[in-house]
Amino acid sequence: MMNTKSLYQEVVLDHNRNPRNYGSLDNANRSADGHNPLCGDHLNIKINLSKGYINDISFQGESCAICKASASMMTAKVKGKTQEEAETLIQEFREMTIGKLELDSNHHLGHLTVFSGVRDLPTRVKCAILPWHTLHAALNSVATVSTEAGNDPMHVSIGNA
Amino acid sequence: MKLAESLLKSPGTPMFNIEQIRSDFPILKLKINGKPLVYFDNAASSQMPQSVIDRMIRYQTTQHANINRAVHYLSETATEEYEKSRNKLKCFINASEDREVIFTSGTTEAINLVAHGYGRKFISSGDEIILTTLEHHSNIVPWQMLAEEKGARIRVVPINNAGELLIDEYEQLFNKHTKFVGITHVSNALGTINPIKQMIEFAHARNVPVLVDGAQAAPHMKIDVQDLDCDFYAFSGHKLCGPTGIGILYGKAFLLEHMQPFKGGGDMIASVTFEKTTYNTIPHKFEAGTPPIAAAIGFGAAIDYLSEIDMSVIEAHEHDLIDYATEKISLIPGLRIIGDATKKVAVLSFAIDKIHPHDIGTLLNQEGIAVRTGHHCAQPVMRHFKVPATTRASFSFYNSMSEIDALISAIQKVQKIFS
Ligand SMILES: Cc1ncc(COP(=O)(O)O)c(C=O)c1O
């Protein structure tokens, strides 16, 4: 079994303490709410998307440290990227948390691999992945998403929490 | 506190030796993440002593056959052992007759049985059902389903900030439409012990029957259904050192007799033709199909085990545990206990500033400590306290003071990680 503490690394704790891009966005033209009914985590993501680029992004909400740090690092990562680049990251992140991504393969996740440990904590996978689901929903103009299967826009099983 | 001290602090009776008790539970020897298991998730499900495990193995190796069906030796033995278990449960809760004890798959099924068997027959449009804010979802949803089907209305007893029911408000909810009351004896999320005897008396003065959800009470105190005078009382085996898949519904015989069956099938009938089926007598009317026989017999063995220790001794030790834990945990800065009712069982729900319960749960697990985090299937309670979730440590008589010390230092460690 993995050492849980490796998930709570300084970078994760730091993003939890001082989340980047936290708050609202005045010029947002995309917004989505994500909700994890099992633990009560919820967050809102706002994006300013123009000409296929994520010009600006913000998030807000109440969640555990894993979810908050994941959201913070995600927003920092996708800001300035194209929609396609963001979708690739979403896909890679999702595969990483369910153990389907080779960490030494040619992926684009960079520091985000600090979250690879959640694959050994099935009940926490949903915490890490919620911001990414919500980003996907916002990019595709879906107003709300839930980590519970029936409402899951990505139609993936992400473990039983 | 050192072990010797904790032994001294345990109830005055020399009968209670915590180390000896702990050695009855093989799972307590486990190490989790290299640390001795500290099991504080007893409200979700308790652990099983060796004697219960052995009893189920003995049944399965030497006594198993289907019950109530054949004249051969094994079927008769299995039937007899199954019925002996029913009798043990009857004595455990001081019911007046064995037939008032119905085996169900657990508390949830017992409540659904009443919502269906009593509710669908006797509750109709415009009627009101009183529940409380402290209910587990399993004592809310079956009544909501019934209310929706019948056009009945659910009324809810509010709580104060200690997590106690407001009894004045309860009494004011009664009117001529009130047809049923469902109350949890003990709150699973907070540990509050409700004054159910008084509440039952009030309802009975208005001819309203009362179901008590005893899932969190039966493991912690002596239950006397005749003294309480409740009409129904439900609890689960797996929270009482027994197996999963078994529980009971106690019901007063005259009520059970007037209720409609819940499930149709074998064993619940007296005779069947395609024109008409005559139902069997209670309790069989409510036990359609082959029950979990080994589980029922294991449940009986768990009752033997608990009775041998004595519920009052268990209650006293658990009282010491919650007093000690409350005192110690209150000293932790930034920690807030959720639910500090004057009367409560050994359940400690808490929130820590700026640390989400799920992070606490994951990090405590790293220290070998099992707690529950989340809404505890009691979202109305969470809403009252304006928290999405809490961390809950729920104790059992086999927990020790030194385990509480381990919890306290693990919480301090978590706070340090997040500081
Ligand atoms: C108060 C209360 N009622 C009912 C239940 C449901 O019990 P079971 O899942 O065994 O049917 C529980 C279990 O958590 C409970 O705590």
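What counts as what
Every chain is numbered independently, its residues counted from 1 as its sequence is written. Written order decides the labels, with chains lettered from A and ligands numbered from 1. Two thresholds apply to this predicted model, a pLDDT of at least 70 for residue-level local features and 80 or more for giving and counting side-chain atom pairs, whereas whole-chain, interface and lining totals are computed over all residues. As a rule here, side-chain values cover all heavy atoms of the structure and leave hydrogens and water aside. Throughout, a residue-residue contact means that at least one pair of heavy atoms, one from each residue, lies within 4.5 Å. A simple way to read buried area is as the amount of 1.4 Å-probe accessible surface that goes missing from two parts once joined, with both sides added. Salt-bridge detection follows one rule: a side-chain nitrogen of Lys or Arg within 4 Å of a carboxyl oxygen of Asp or Glu. Definition of a polar contact: a pair of N or O atoms within 3.5 Å, with one able to donate and the other able to accept a hydrogen when the atoms are protein atoms, and with sequence-neighbouring residues admitted only if both atoms are side-chain atoms. Helix and strand assignments come from DSSP, with helices taken as H or I runs of at least 4 residues and strands as E runs of at least 2, each series counted from the N terminus. In this classification, the charged set is Asp, Glu, Lys and Arg, the nonpolar set is Ala, Val, Leu, Ile, Met, Phe, Trp, Tyr, Cys and Pro, and all remaining amino acids, among them Gly, are polar. Think of it this way: one heavy atom of a residue within 4 Å of a molecule or strand is enough to make that residue near it. Calculation of accessible area relied on Shrake-Rupley with a 1.4 Å probe; when residues are assessed, cover is drawn exclusively from the protein chains displayed. Cavities and pockets were defined on a 1 Å grid built from protein atoms only: a cavity is a group of points that admits a 1.4 Å probe but offers it no way out, a pocket is an open group of points flanked by protein on both sides within 12 Å along at least five of seven lines, and a lining residue is one with an atom within 4 Å of any such point. Grid points are joined across faces, edges and corners, and a volume is the space filled by probe spheres set on the points. Accessible area is worked out with a 1.4 Å probe on protein chains only. A residue is then buried under 20% of its type maximum, exposed over 50%, and partly exposed in between. Pairs of strands are assigned from DSSP output, requiring at least two bridges between the strands. Domain start and stop points were drawn from an automatic or database domain assignment. In this analysis an axis means a line fitted to C-alpha atoms, helices contributing only their contacting stretch, and an angle means the value between N-to-C directions, from 0 to 180 degrees. For classification purposes, angles smaller than 35 degrees are called roughly parallel, those larger than 145 roughly antiparallel, those between 65 and 115 roughly perpendicular, and all remaining angles oblique. Should the near helix be turned anticlockwise from the far one by less than a right angle, the crossing is termed left-handed; should it be turned clockwise, right-handed.

**Student:** When you look at the interface of chain B and chain A in this model, what are you seeing that I'm missing?
**Tutor:** Often, the extent of an interface is quoted as the loss of accessible area on bringing the components together. Contacts between chain B and chain A engage 17 residues on the former and 22 residues on the latter. Between chain B and chain A, roughly 1500 Å² of surface is buried when both sides are summed, and carbon and sulfur atoms account for 54% of that area. One salt bridge in this structure joins R124(A) and D359(B), with 2.9 Å as the shortest N-O distance. Our enumeration of links across chain B and chain A arrives at 7 residue pairs in polar contact (both at pLDDT 80 or more). Mapped onto the side of chain B that touches chain A, the elements with two or more residues apiece are α13 (357–366) and α15 (401–418) of chain B. Among the elements that make up the side of chain B that touches chain A, the one with the highest residue count is α13(B) (6 residues). Each residue belonging to the side of chain B that touches chain A can be placed in one class, and the counts come to 5 nonpolar, 9 polar and 3 charged.

**Student:** In this structure, what is going on with the site of the ligand? I would like to understand it.
**Tutor:** Residues and elements named next belong to chain B. Neighbouring the ligand are T107, T108, H136, S138, T184, N188, D213, A215, Q216, S236, H238 and K239. A distance of 2.6 Å separates an oxygen atom of the ligand from a polar atom in the side chain of T108. Separating an oxygen atom of the ligand from a side-chain N or O atom of H136 is a distance of 3.3 Å. Across the complex, the protein chains shield 84% of the 390 Å² of accessible surface that the ligand would expose by itself.

**Student:** Please explain the layout of surface pockets as it appears in this structure.
**Tutor:** Unfilled space is identified by rolling a water-sized probe across the atoms. Volume-wise, the largest pocket comes out at about 640 Å³. If you trace the largest pocket, you find 26 residues lining it, with I352(B), D353(B), K354(B), I355(B) and H356(B) closest to the centre. Looking at the lining of the largest pocket, the elements with two or more residues in it are α1 (10–17), β3 (53–62) and α2 (65–78) of chain A together with β14 (347–352), α13 and α15 of chain B. Counted as a void, the second largest pocket has a volume near 530 Å³.

**Student:** Help me out: how do you make sense of the pairing of strand β17 (residues 390–394) of chain B in this one?
**Tutor:** On a regular strand, each side chain points to the face opposite its neighbour's, so the side chains alternate between the two faces of the sheet. Residue and element names in this part refer to chain B. Most of β17 sits out of view: 5 of its 5 residues are buried. Residues T390, R392 and S394 of β17 are buried on one face, and the alternating residues T391 and A393, pointing to the opposite face, are buried as well. Relative to β17, β14 is paired through 4 bridges, and the arrangement is antiparallel. If you follow F350 over to β17, its bridge partner there is T391. Pairing of strand β16 (residues 372–374) with β17, which is carried by 3 bridges, proceeds in the antiparallel orientation. In the sheet register, R372 faces β17, and the bridge partner there is R392.

**Student:** Explanation requested: the domain arrangement of chain B in the structure shown.
**Tutor:** All names here are of chain B. Assigned domains within chain B: domain 1 (2–48 + 310–418) and domain 2 (54–307). Domain 1 and domain 2 are separated by 28 Å when their C-alpha centres are compared. Between domain 1 and domain 2, the contact holds 38 residues from the first and 36 residues from the second. Buried surface at the junction of domain 1 and domain 2, both sides included, amounts to about 2900 Å², of which 58% is carbon and sulfur. Here domain 1 and domain 2 share 0 salt bridges between them. At the boundary of domain 1 with domain 2, the tally comes to 25 residue pairs in polar contact (both at pLDDT 80 or more). Counting residues per element, the ones that place at least two in the side of domain 1 that touches domain 2 are α12 (311–330), β14 and α14 (379–384).

**Student:** Please explain the packing of α13(B) against α15(B) as it appears in this structure.
**Tutor:** When two helices pack together, their arrangement is given by the angle between their axes and by how far apart the axes lie. Residue and element names in this part refer to chain B. One way to put it is that α13 packs onto α15 with a least axis distance of 10 Å and a crossing angle of 120°. Between α13 and α15, the crossing angle belongs to the class labelled oblique. Regarding α13 and α15, the two cross each other, and that crossing is right-handed. Across the interface between the two elements, D359, I360, L363 and L364 from α13 touch L407, A410, I411, V414, I417 and F418 from α15.

**Student:** Even after reading the chapter, I still don't get unusual backbone geometry, so can you show me in this structure?
**Tutor:** It is generally the case that most residues other than glycine have a negative phi and that most peptide bonds are trans. All names here are of chain B. Note the cis peptide between I282 and P283, where omega equals 0°. Phi is positive for D229, close to 65°, though the residue is something other than glycine. Relative to the elements of secondary structure, D229 occurs in the loop between α9 (225–228) and β9 (232–236). For D229, a relative accessible area of 34% corresponds to the partly exposed category.

**Student:** Can you walk me through the pairing of strand β1 (residues 30–36) of chain A in this structure?
**Tutor:** All names here are of chain A. Here β1 runs beside strand β2 (residues 41–50); their pairing, made up of 7 bridges, is antiparallel. The residue bridging R30 from the neighbouring strand is I47, located in β2. Of the pairings in the sheet, the one linking β1 to strand β4 (residues 144–146) comprises 3 bridges and is parallel in character. Its bridge partner being in β4, D33 is matched across the sheet by T144.

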